[in-house]
Amino acid sequence: MQALRGTKDILPHEIMIWQHIYDTAKEILTLHNYSEIRTPIIENNELFERSIGNYTDIVNKEMYSFRDQNNRYLTLRPEGTASVARAFISNKLYLENKVNKLWYLGPMFRYERPQKGRQRQFHQLGIEYIGCEQPISDVEVIRLAIKILKRLRLTEYILEINSIGNTKERSQYTIKLKDYLNIYKHDLDVDSQNRLDTNPLRILDSKNQKTKEILINAPKLKQFLDKKSIKHFNEVCKHLSYLNIKYTINEQLVRGLDYYNYTAFELKTNEKSNQNTLCGGGRYDQLINQLGGPSTPSVGWAIGVERLLLAVKDQIKLKTIRNIIHILIPGNKIHLKVWDIIKILEEYKINFEVDLSGSNLNKQIKKAYISKAKICLIIGENELKDEYITIKWLETKIQQKIKFHQLRKYFKYIKKEIKT
Ligand code: ATP
Ligand code: MG
(Lines give C-alpha, C1' and ligand atoms only; values in the text may rest on other atoms or scores of the structure.)
(Ligands and ions follow the chains in the order given, each with its own letter.)
Protein backbone atom coordinates (compact mmCIF):
# COMPACT_ATOMS: atom_id res chain seq x y z
CA MET A 1 0.00 0.00 0.00
CA GLN A 2 1.19 3.48 -0.84
CA ALA A 3 0.45 6.86 0.68
CA LEU A 4 -2.09 8.76 -1.43
CA ARG A 5 -0.75 10.77 -4.36
CA GLY A 6 0.33 14.20 -3.19
CA THR A 7 0.65 13.15 0.46
CA LYS A 8 3.87 12.31 2.27
CA ASP A 9 5.02 10.52 5.38
CA ILE A 10 7.32 12.61 7.52
CA LEU A 11 9.82 10.02 8.63
CA PRO A 12 11.84 9.88 11.87
CA HIS A 13 15.00 11.23 10.19
CA GLU A 14 13.02 14.24 8.88
CA ILE A 15 11.01 15.05 11.96
CA MET A 16 13.78 16.93 13.75
CA ILE A 17 13.76 19.76 11.25
CA TRP A 18 9.96 20.00 11.53
CA GLN A 19 10.29 20.22 15.29
CA HIS A 20 12.99 22.83 14.83
CA ILE A 21 10.68 24.94 12.64
CA TYR A 22 7.87 24.60 15.16
CA ASP A 23 10.16 25.51 18.07
CA THR A 24 11.66 28.48 16.22
CA ALA A 25 8.24 29.86 15.29
CA LYS A 26 6.96 29.28 18.81
CA GLU A 27 9.89 31.09 20.38
CA ILE A 28 9.71 34.15 18.13
CA LEU A 29 5.92 34.41 18.19
CA THR A 30 5.62 33.87 21.93
CA LEU A 31 8.03 36.76 22.45
CA HIS A 32 5.61 38.92 20.47
CA ASN A 33 2.64 37.71 22.50
CA TYR A 34 1.10 35.45 19.87
CA SER A 35 -0.73 32.38 21.19
CA GLU A 36 -1.01 29.10 19.38
CA ILE A 37 -4.43 27.97 18.19
CA ARG A 38 -5.42 24.56 16.82
CA THR A 39 -8.65 24.32 14.89
CA PRO A 40 -10.26 21.18 13.41
CA ILE A 41 -9.12 20.12 9.95
CA ILE A 42 -12.71 19.64 8.81
CA GLU A 43 -15.26 22.41 8.66
CA ASN A 44 -18.56 23.04 6.95
CA ASN A 45 -17.94 23.60 3.27
CA GLU A 46 -19.85 26.85 3.51
CA LEU A 47 -17.11 28.44 5.65
CA PHE A 48 -14.60 28.27 2.81
CA GLU A 49 -17.06 29.14 0.05
CA ARG A 50 -18.14 32.22 1.91
CA SER A 51 -14.69 33.40 2.92
CA ILE A 52 -12.26 32.40 0.20
CA GLY A 53 -14.79 33.08 -2.54
CA ASN A 54 -16.67 30.96 -5.04
CA TYR A 55 -14.67 31.91 -8.09
CA THR A 56 -11.22 31.41 -6.64
CA ASP A 57 -9.04 28.49 -7.71
CA ILE A 58 -9.16 27.03 -4.23
CA VAL A 59 -12.94 26.83 -3.95
CA ASN A 60 -13.50 26.19 -7.61
CA LYS A 61 -11.26 23.22 -8.15
CA GLU A 62 -8.94 22.50 -5.26
CA MET A 63 -11.13 21.57 -2.30
CA TYR A 64 -11.53 18.15 -0.78
CA SER A 65 -15.24 18.20 -0.05
CA PHE A 66 -17.53 15.32 0.78
CA ARG A 67 -20.81 14.40 2.41
CA ASP A 68 -20.61 12.66 5.77
CA GLN A 69 -22.89 9.88 7.03
CA ASN A 70 -25.48 12.45 7.92
CA ASN A 71 -25.33 14.21 4.57
CA ARG A 72 -23.50 17.25 5.92
CA TYR A 73 -21.33 18.86 3.27
CA LEU A 74 -17.83 19.10 4.74
CA THR A 75 -14.42 20.23 3.52
CA LEU A 76 -10.86 19.47 4.58
CA ARG A 77 -9.46 22.90 5.28
CA PRO A 78 -7.48 24.32 2.33
CA GLU A 79 -5.99 27.13 4.43
CA GLY A 80 -5.97 28.43 8.00
CA THR A 81 -7.37 31.95 8.12
CA ALA A 82 -11.03 31.06 7.51
CA SER A 83 -10.93 28.46 10.31
CA VAL A 84 -9.23 30.86 12.73
CA ALA A 85 -11.82 33.52 11.91
CA ARG A 86 -14.59 30.97 12.51
CA ALA A 87 -13.01 29.94 15.83
CA PHE A 88 -12.64 33.60 16.82
CA ILE A 89 -16.36 34.11 16.23
CA SER A 90 -17.76 30.86 17.61
CA ASN A 91 -15.68 31.07 20.80
CA LYS A 92 -16.37 34.79 21.15
CA LEU A 93 -12.68 35.53 21.60
CA TYR A 94 -13.49 39.21 21.04
CA LEU A 95 -15.17 39.37 24.44
CA GLU A 96 -11.90 38.74 26.29
CA ASN A 97 -9.48 40.86 24.32
CA LYS A 98 -9.87 43.55 21.74
CA VAL A 99 -6.75 42.31 20.03
CA ASN A 100 -6.04 38.61 19.49
CA LYS A 101 -2.70 37.55 18.12
CA LEU A 102 -2.79 33.92 17.06
CA TRP A 103 -0.57 31.43 15.27
CA TYR A 104 -0.95 27.91 13.96
CA LEU A 105 0.94 25.13 12.23
CA GLY A 106 -0.93 22.26 10.67
CA PRO A 107 -1.92 20.30 7.58
CA MET A 108 -3.96 21.83 4.76
CA PHE A 109 -5.52 20.04 1.80
CA ARG A 110 -5.82 21.07 -1.82
CA TYR A 111 -6.54 18.95 -4.83
CA GLU A 112 -3.71 20.10 -7.11
CA ARG A 113 -1.25 18.44 -9.43
CA PRO A 114 1.54 17.22 -7.14
CA GLN A 115 5.04 18.45 -8.02
CA LYS A 116 8.07 19.88 -6.26
CA GLY A 117 6.77 22.27 -3.59
CA ARG A 118 3.16 21.38 -4.30
CA GLN A 119 1.34 18.61 -2.46
CA ARG A 120 -2.25 17.66 -1.77
CA GLN A 121 -1.66 17.51 1.94
CA PHE A 122 0.83 20.19 2.90
CA HIS A 123 1.45 22.27 6.00
CA GLN A 124 1.12 25.93 6.72
CA LEU A 125 2.58 27.96 9.52
CA GLY A 126 0.45 31.05 9.87
CA ILE A 127 -0.22 34.05 12.05
CA GLU A 128 -3.24 36.32 12.41
CA TYR A 129 -3.16 39.75 14.02
CA ILE A 130 -6.86 40.15 14.74
CA GLY A 131 -8.44 43.42 15.84
CA CYS A 132 -6.15 46.17 14.60
CA GLU A 133 -6.54 48.39 11.57
CA GLN A 134 -3.26 50.28 11.91
CA PRO A 135 -0.78 49.87 9.06
CA ILE A 136 1.89 49.17 11.68
CA SER A 137 0.21 45.80 12.32
CA ASP A 138 0.69 44.91 8.63
CA VAL A 139 4.36 45.67 9.11
CA GLU A 140 4.59 43.74 12.34
CA VAL A 141 3.32 40.57 10.68
CA ILE A 142 5.59 41.00 7.65
CA ARG A 143 8.55 41.58 9.94
CA LEU A 144 7.73 38.44 11.91
CA ALA A 145 7.64 36.32 8.76
CA ILE A 146 11.05 37.65 7.82
CA LYS A 147 12.36 37.10 11.33
CA ILE A 148 11.31 33.46 11.19
CA LEU A 149 12.89 32.97 7.76
CA LYS A 150 16.11 34.62 8.90
CA ARG A 151 16.30 32.59 12.10
CA LEU A 152 16.01 29.51 9.89
CA ARG A 153 19.00 30.86 7.95
CA LEU A 154 17.11 31.86 4.86
CA THR A 155 18.65 35.13 3.79
CA GLU A 156 17.86 35.27 0.08
CA TYR A 157 14.24 36.26 -0.21
CA ILE A 158 12.18 38.85 -2.04
CA LEU A 159 9.32 40.73 -0.42
CA GLU A 160 6.66 41.89 -2.85
CA ILE A 161 3.82 44.07 -1.70
CA ASN A 162 0.82 45.71 -3.27
CA SER A 163 -2.35 47.47 -2.28
CA ILE A 164 -5.47 45.84 -3.62
CA GLY A 165 -7.78 48.51 -2.19
CA ASN A 166 -11.26 47.82 -0.87
CA THR A 167 -14.17 45.96 -2.45
CA LYS A 168 -15.64 49.06 -4.07
CA GLU A 169 -12.36 50.15 -5.61
CA ARG A 170 -11.70 46.65 -6.86
CA SER A 171 -15.11 46.25 -8.45
CA GLN A 172 -14.76 49.57 -10.29
CA TYR A 173 -11.35 48.50 -11.48
CA THR A 174 -12.59 45.06 -12.49
CA ILE A 175 -15.10 46.58 -14.92
CA LYS A 176 -12.35 48.57 -16.63
CA LEU A 177 -9.95 45.64 -16.68
CA LYS A 178 -12.60 43.41 -18.22
CA ASP A 179 -13.38 46.00 -20.91
CA TYR A 180 -9.72 46.18 -21.80
CA LEU A 181 -9.09 42.43 -21.77
CA ASN A 182 -12.21 41.67 -23.79
CA ILE A 183 -10.56 43.40 -26.74
CA TYR A 184 -7.80 40.77 -26.64
CA LYS A 185 -9.97 37.92 -25.46
CA HIS A 186 -8.87 35.48 -28.15
CA ASP A 187 -5.17 36.07 -27.51
CA LEU A 188 -5.44 35.26 -23.81
CA ASP A 189 -4.56 31.79 -22.51
CA VAL A 190 -7.52 29.51 -21.92
CA ASP A 191 -7.40 29.85 -18.14
CA SER A 192 -7.49 33.62 -18.38
CA GLN A 193 -10.33 33.51 -20.91
CA ASN A 194 -12.36 31.53 -18.41
CA ARG A 195 -11.47 33.94 -15.65
CA LEU A 196 -12.70 36.94 -17.63
CA ASP A 197 -16.23 36.24 -16.45
CA THR A 198 -15.57 34.75 -13.06
CA ASN A 199 -12.46 36.30 -11.50
CA PRO A 200 -10.77 38.79 -13.88
CA LEU A 201 -8.41 40.12 -11.20
CA ARG A 202 -6.64 36.78 -11.06
CA ILE A 203 -5.65 37.22 -14.71
CA LEU A 204 -3.09 39.74 -13.44
CA ASP A 205 -1.34 36.80 -11.83
CA SER A 206 -1.11 34.79 -15.06
CA LYS A 207 2.21 33.15 -15.85
CA ASN A 208 1.37 32.94 -19.57
CA GLN A 209 3.79 35.01 -21.70
CA LYS A 210 1.25 36.27 -24.24
CA THR A 211 -1.22 37.20 -21.49
CA LYS A 212 1.56 38.99 -19.62
CA GLU A 213 2.31 41.10 -22.70
CA ILE A 214 -1.33 42.04 -23.09
CA LEU A 215 -1.41 43.07 -19.44
CA ILE A 216 1.41 45.59 -19.83
CA ASN A 217 -0.95 48.25 -21.16
CA ALA A 218 -3.96 47.24 -19.07
CA PRO A 219 -5.47 49.76 -16.64
CA LYS A 220 -3.81 49.62 -13.23
CA LEU A 221 -5.60 48.94 -9.94
CA LYS A 222 -3.57 51.75 -8.37
CA GLN A 223 -5.44 54.33 -10.43
CA PHE A 224 -8.68 53.28 -8.73
CA LEU A 225 -7.54 53.54 -5.13
CA ASP A 226 -8.92 56.37 -3.02
CA LYS A 227 -7.10 58.43 -0.38
CA LYS A 228 -7.64 56.02 2.50
CA SER A 229 -6.21 53.04 0.64
CA ILE A 230 -3.25 55.03 -0.60
CA LYS A 231 -2.54 56.43 2.84
CA HIS A 232 -2.61 52.96 4.38
CA PHE A 233 -0.23 51.64 1.76
CA ASN A 234 2.15 54.57 2.09
CA GLU A 235 2.27 54.08 5.85
CA VAL A 236 3.15 50.41 5.41
CA CYS A 237 5.96 51.37 3.02
CA LYS A 238 7.22 54.05 5.41
CA HIS A 239 7.52 51.58 8.29
CA LEU A 240 9.19 48.96 6.11
CA SER A 241 11.76 51.50 4.97
CA TYR A 242 12.40 52.58 8.54
CA LEU A 243 13.11 48.95 9.40
CA ASN A 244 15.39 48.60 6.37
CA ILE A 245 13.19 45.82 5.05
CA LYS A 246 13.69 45.79 1.29
CA TYR A 247 10.53 45.41 -0.74
CA THR A 248 9.35 45.55 -4.31
CA ILE A 249 5.96 46.92 -5.23
CA ASN A 250 4.33 44.42 -7.55
CA GLU A 251 1.22 45.99 -9.02
CA GLN A 252 0.10 42.66 -10.43
CA LEU A 253 0.07 40.95 -7.04
CA VAL A 254 -3.57 40.21 -6.19
CA ARG A 255 -3.43 36.89 -4.25
CA GLY A 256 -5.83 34.04 -4.74
CA LEU A 257 -8.36 34.67 -1.99
CA ASP A 258 -11.33 37.03 -2.06
CA TYR A 259 -11.18 38.23 1.52
CA TYR A 260 -8.10 40.44 1.28
CA ASN A 261 -8.16 44.23 1.16
CA TYR A 262 -5.50 46.96 1.24
CA THR A 263 -2.17 45.22 1.79
CA ALA A 264 -1.26 42.03 -0.05
CA PHE A 265 2.23 40.60 0.13
CA GLU A 266 4.36 37.60 -0.71
CA LEU A 267 7.79 36.41 0.29
CA LYS A 268 9.53 34.54 -2.49
CA THR A 269 12.80 32.77 -3.01
CA ASN A 270 14.74 33.96 -6.05
CA GLU A 271 14.38 30.56 -7.67
CA LYS A 272 12.67 30.70 -11.06
CA SER A 273 9.69 28.44 -10.57
CA ASN A 274 5.96 28.62 -10.08
CA GLN A 275 6.46 27.27 -6.58
CA ASN A 276 8.80 30.02 -5.37
CA THR A 277 6.31 31.70 -3.05
CA LEU A 278 7.07 30.75 0.53
CA CYS A 279 4.68 33.06 2.30
CA GLY A 280 1.50 34.82 1.27
CA GLY A 281 -0.59 37.19 3.28
CA GLY A 282 -2.55 40.34 3.56
CA ARG A 283 -5.13 42.39 5.36
CA TYR A 284 -8.68 41.13 5.74
CA ASP A 285 -10.82 43.77 7.40
CA GLN A 286 -14.23 42.43 6.34
CA LEU A 287 -13.81 38.66 6.71
CA ILE A 288 -14.85 38.26 10.34
CA ASN A 289 -17.83 40.52 9.90
CA GLN A 290 -18.81 38.73 6.73
CA LEU A 291 -18.80 35.41 8.60
CA GLY A 292 -21.17 36.77 11.23
CA GLY A 293 -18.74 38.20 13.80
CA PRO A 294 -18.23 41.80 14.88
CA SER A 295 -16.39 44.08 12.51
CA THR A 296 -12.73 43.19 13.22
CA PRO A 297 -9.94 44.46 10.98
CA SER A 298 -7.12 41.91 10.77
CA VAL A 299 -3.97 40.97 8.94
CA GLY A 300 -2.00 37.74 8.61
CA TRP A 301 0.06 35.38 6.50
CA ALA A 302 0.76 31.72 5.88
CA ILE A 303 4.09 30.08 5.10
CA GLY A 304 4.16 26.79 3.20
CA VAL A 305 6.26 24.60 5.47
CA GLU A 306 7.29 22.07 2.78
CA ARG A 307 8.54 24.89 0.55
CA LEU A 308 10.31 26.48 3.49
CA LEU A 309 11.98 23.15 4.19
CA LEU A 310 13.17 22.82 0.61
CA ALA A 311 14.71 26.27 0.91
CA VAL A 312 16.43 25.86 4.27
CA LYS A 313 17.18 22.20 4.76
CA ASP A 314 20.78 22.44 3.54
CA GLN A 315 21.55 25.40 5.77
CA ILE A 316 20.26 23.88 8.98
CA LYS A 317 22.49 21.40 10.74
CA LEU A 318 20.78 19.77 13.66
CA LYS A 319 22.46 17.65 16.27
CA THR A 320 20.91 14.22 16.22
CA ILE A 321 20.00 12.82 19.59
CA ARG A 322 21.80 9.56 20.10
CA ASN A 323 21.38 6.99 22.76
CA ILE A 324 24.41 7.41 24.95
CA ILE A 325 23.79 4.24 26.85
CA HIS A 326 22.86 0.80 25.60
CA ILE A 327 21.58 -1.60 28.18
CA LEU A 328 22.54 -5.05 27.01
CA ILE A 329 20.71 -8.15 28.14
CA PRO A 330 22.44 -10.96 26.29
CA GLY A 331 20.28 -13.99 25.59
CA ASN A 332 17.25 -12.08 26.72
CA LYS A 333 17.36 -13.22 30.34
CA ILE A 334 15.29 -10.25 31.44
CA HIS A 335 15.45 -9.42 35.11
CA LEU A 336 13.29 -6.97 37.01
CA LYS A 337 16.48 -5.11 38.01
CA VAL A 338 16.48 -3.47 34.57
CA TRP A 339 13.67 -1.18 35.75
CA ASP A 340 15.90 0.19 38.54
CA ILE A 341 18.55 1.11 36.00
CA ILE A 342 15.99 2.74 33.71
CA LYS A 343 14.69 4.82 36.60
CA ILE A 344 18.17 6.12 37.40
CA LEU A 345 18.83 7.04 33.75
CA GLU A 346 15.48 8.84 33.55
CA GLU A 347 16.29 10.75 36.69
CA TYR A 348 19.58 12.00 35.25
CA LYS A 349 18.02 12.54 31.79
CA ILE A 350 20.47 10.28 30.02
CA ASN A 351 19.26 8.86 26.68
CA PHE A 352 19.27 5.11 26.54
CA GLU A 353 18.23 2.09 24.54
CA VAL A 354 17.48 -1.36 25.91
CA ASP A 355 18.61 -4.13 23.59
CA LEU A 356 15.88 -6.75 23.65
CA SER A 357 17.03 -8.50 20.50
CA GLY A 358 18.02 -11.61 22.47
CA SER A 359 21.26 -11.92 20.49
CA ASN A 360 24.61 -12.71 22.10
CA LEU A 361 26.81 -10.19 23.88
CA ASN A 362 29.24 -9.62 21.00
CA LYS A 363 26.47 -8.84 18.58
CA GLN A 364 24.86 -6.44 21.02
CA ILE A 365 28.14 -4.63 21.64
CA LYS A 366 28.71 -4.32 17.90
CA LYS A 367 25.28 -2.78 17.48
CA ALA A 368 26.03 -0.29 20.25
CA TYR A 369 29.27 0.70 18.46
CA ILE A 370 27.43 1.25 15.19
CA SER A 371 24.85 3.49 16.80
CA LYS A 372 27.69 5.50 18.40
CA ALA A 373 26.75 4.75 21.99
CA LYS A 374 29.25 5.75 24.65
CA ILE A 375 28.60 3.13 27.23
CA CYS A 376 27.17 -0.37 27.42
CA LEU A 377 25.57 -1.58 30.63
CA ILE A 378 25.72 -5.31 30.61
CA ILE A 379 23.30 -7.36 32.67
CA GLY A 380 24.29 -10.97 32.11
CA GLU A 381 23.94 -14.08 34.21
CA ASN A 382 27.14 -13.53 36.25
CA GLU A 383 26.11 -9.96 36.94
CA LEU A 384 22.70 -11.01 38.21
CA LYS A 385 24.17 -13.67 40.40
CA ASP A 386 26.63 -11.32 42.10
CA GLU A 387 24.43 -8.20 41.98
CA TYR A 388 26.62 -5.96 39.88
CA ILE A 389 26.63 -4.50 36.42
CA THR A 390 29.44 -4.46 33.91
CA ILE A 391 30.04 -1.05 32.43
CA LYS A 392 31.93 -0.94 29.17
CA TRP A 393 33.15 2.39 27.80
CA LEU A 394 33.20 1.92 24.07
CA GLU A 395 35.84 4.48 23.17
CA THR A 396 38.48 3.56 25.75
CA LYS A 397 37.33 -0.05 26.14
CA ILE A 398 37.63 0.41 29.90
CA GLN A 399 35.45 -2.02 31.79
CA GLN A 400 34.15 -1.53 35.31
CA LYS A 401 32.07 -3.57 37.70
CA ILE A 402 29.61 -1.53 39.71
CA LYS A 403 27.43 -2.98 42.43
CA PHE A 404 23.69 -2.49 41.98
CA HIS A 405 23.38 -0.34 45.08
CA GLN A 406 26.18 1.96 43.90
CA LEU A 407 24.74 2.62 40.44
CA ARG A 408 22.94 5.84 41.28
CA LYS A 409 26.07 7.33 42.80
CA TYR A 410 28.09 6.21 39.77
CA PHE A 411 25.78 7.91 37.29
CA LYS A 412 25.58 11.04 39.32
CA TYR A 413 29.36 11.17 39.16
CA ILE A 414 29.75 10.50 35.39
CA LYS A 415 26.59 12.22 34.16
CA LYS A 416 28.31 15.41 32.98
CA GLU A 417 31.11 13.57 31.28
CA ILE A 418 28.89 11.29 29.18
CA LYS A 419 26.59 14.03 28.03
CA THR A 420 29.33 16.00 26.25
P1 ATP B 1 0.56 29.04 -5.23
O2 ATP B 1 0.88 30.28 -5.95
O3 ATP B 1 1.73 28.17 -5.03
O4 ATP B 1 -0.61 28.29 -5.77
P5 ATP B 1 -1.24 30.08 -3.29
O6 ATP B 1 -1.39 31.50 -3.67
O7 ATP B 1 -2.28 29.10 -3.68
O8 ATP B 1 0.18 29.53 -3.77
P9 ATP B 1 -1.65 30.55 -0.48
O10 ATP B 1 -3.05 30.11 -0.49
O11 ATP B 1 -1.33 31.96 -0.34
O12 ATP B 1 -0.91 29.95 -1.75
O13 ATP B 1 -0.84 29.72 0.63
C14 ATP B 1 0.32 30.24 1.28
C15 ATP B 1 1.52 29.35 1.04
O16 ATP B 1 1.20 27.99 1.23
C17 ATP B 1 2.06 29.39 -0.37
O18 ATP B 1 2.86 30.50 -0.57
C19 ATP B 1 2.86 28.12 -0.42
O20 ATP B 1 4.12 28.27 0.20
C21 ATP B 1 2.02 27.18 0.40
N22 ATP B 1 1.19 26.32 -0.47
C23 ATP B 1 0.03 26.63 -1.10
N24 ATP B 1 -0.45 25.58 -1.77
C25 ATP B 1 0.45 24.56 -1.57
C26 ATP B 1 0.53 23.19 -2.00
N27 ATP B 1 -0.41 22.65 -2.75
N28 ATP B 1 1.60 22.47 -1.60
C29 ATP B 1 2.56 23.01 -0.82
N30 ATP B 1 2.54 24.28 -0.39
C31 ATP B 1 1.50 25.05 -0.75
MG1 MG C 1 -2.49 27.78 -5.28
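On a predicted model such as this, the values are computed, not experimentally measured, just so you know.

**Considering the sheet that holds strand β3 (residues 64-67)**
- Spatial strand order, β2-β4-β3: 3 strands in an open sheet with antiparallel pairing. What marks the edges here is a single partner per strand, and that holds for β2 (42-44) and β3. In this sheet, neighbouring strand axes are inclined to one another by 35 degrees on average, regardless of whether the strands run parallel or antiparallel.
- Two strands pair when backbone bridges link them, and β3 and strand β4 (residues 73-76) are joined in this way by 4 bridges, in the antiparallel orientation. Bridge pairing in β4 places S65 opposite T75.
- Of the strands in this sheet, β2, β3 and β4 are in contact with helix α2 (residues 45-52), which crosses β2 at around 75 degrees.

**As for the pattern of salt bridges**
- This structure, assessed with the given rule, holds 20 salt bridges.
- Among the salt bridges present, the one from E112 reaches R118, with a minimum N-O distance of 2.9 Å.
- Overall, E112 belongs to the buried group, its relative accessible area being 15%.
- The shortest N-O distance in the salt bridge between E251 and K222 comes to 3.1 Å. Of this pair, E251 sits in the loop between β8 (248-249) and β9 (261-268) while K222 sits in the loop between α9 (209-216) and α10 (227-242); the two residues are 29 residues apart in sequence, bridging distant segments of the chain.
- Among the residues examined, K222 registers a relative accessible area of 53% and is labelled exposed.
- Residues joined by salt bridges that share partners form a network here, namely E160, R255, E266 and K268.

**A word on the UniProt feature "domain: Aminoacyl-transfer RNA synthetases class-II family profile" (unreviewed entry) in the chain**
- Mapped onto this structure's residue numbering, the UniProt feature "domain: Aminoacyl-transfer RNA synthetases class-II family profile" (unreviewed entry) falls at residues 1-330.
- Structurally, residues 1-330 comprises 38% helix and 20% strand, and the distance from its first C-alpha atom to its last is 36 Å.

**Quick notes on the side chain of K268**
- On the secondary structure map, K268 appears in strand β9.
- According to the relative accessible area criterion, K268 is buried, its value standing at 17%.
- A distance of 3.1 Å separates a polar atom in the side chain of K268 from a polar atom in the side chain of E160.
- In contact with K268, other than residues within four places in its own chain, are E156, Y157, I158, E160, N276, T277 and L278.

**A word on the domain arrangement of the chain**
- Here the chain is described as being made up of domain 1 (12-165 + 225-312) and domain 2 (325-419).
- Taking only C-alpha atoms, the centre of domain 1 and the centre of domain 2 are 50 Å apart.

**Some points on a nonpolar patch on the surface**
- Side chains of I41, I42 and F66 sit close together on the surface and give an oily, nonpolar patch of about 230 Å² of accessible area.
- By the secondary structure assignment, F66 is in strand β3.

**Some words on the side chain of E128**
- One can find E128 in strand β6 (residues 121-130).
- For the buried residue E128, which engages in no salt bridge, the nearest side chain bearing the opposite charge is R255, 10 Å off.
- In this structure the side chain of E128 is engaged in a polar contact, spanning 2.6 Å, whose partner is the side chain of Y284.
- Look past the residues within four positions of E128 in its chain and what remains in contact with it is Y34, G80, T81, V84, N100, K101, L102, Y104, Y284, V299 and G300.

**Description of the UniProt feature "binding site: L-histidine" (unreviewed entry) in the chain**
- Following the UniProt record, the feature "binding site: L-histidine" (unreviewed entry) maps to E79, G80, T81, R110, Q124, E128, R255, Y259 and Y260 here.
- Topologically, T81 is positioned in helix α4 (residues 81-90).
- Under the relative-accessibility criterion, T81 is labelled buried at 7%.
- T81 has contacts with Y104, E128, Y259, Y284 and L287, leaving out every residue within four places of it along the chain.
- Residue placement: Y260 occurs in the loop between β8 and β9.
- Owing to a relative accessible area of 5%, Y260 belongs among the buried residues under this scheme.

Thresholds, definitions, all that
Residues numbered from 1 in each chain as written. Chains lettered and ligands numbered in written order. Predicted model: local features only at pLDDT ≥ 70, side-chain atom pairs only at ≥ 80, totals over all residues. Heavy atoms only, no water. Pairing = 2+ DSSP bridges. Helix = DSSP H or I, 4+ residues; strand = E, 2+ residues; numbered from the N terminus. Axes fitted to C-alpha atoms, helices over the stretch in contact; angles between N-to-C directions. Contact = heavy atoms within 4.5 Å. Salt bridge = Lys/Arg side-chain N within 4 Å of Asp/Glu carboxyl O. Buried < 20%, exposed > 50% of the residue type's maximum accessible area, 1.4 Å probe, protein only. UniProt positions renumbered as here; feature names shortened; annotations may be inferred. Polar contact = N/O pair within 3.5 Å; in protein donor to acceptor, adjacent residues only side chain to side chain. Domains from an automatic or database assignment. Patch = residues over 30% accessible without salt bridge, like charges linked within 9 Å, V, L, I, M, F, W, Y side chains within 5 Å. Areas by Shrake-Rupley, 256 points an atom, 1.4 Å probe, with all protein chains shown as cover. Lys, Arg positive; Asp, Glu negative; His and termini not counted.

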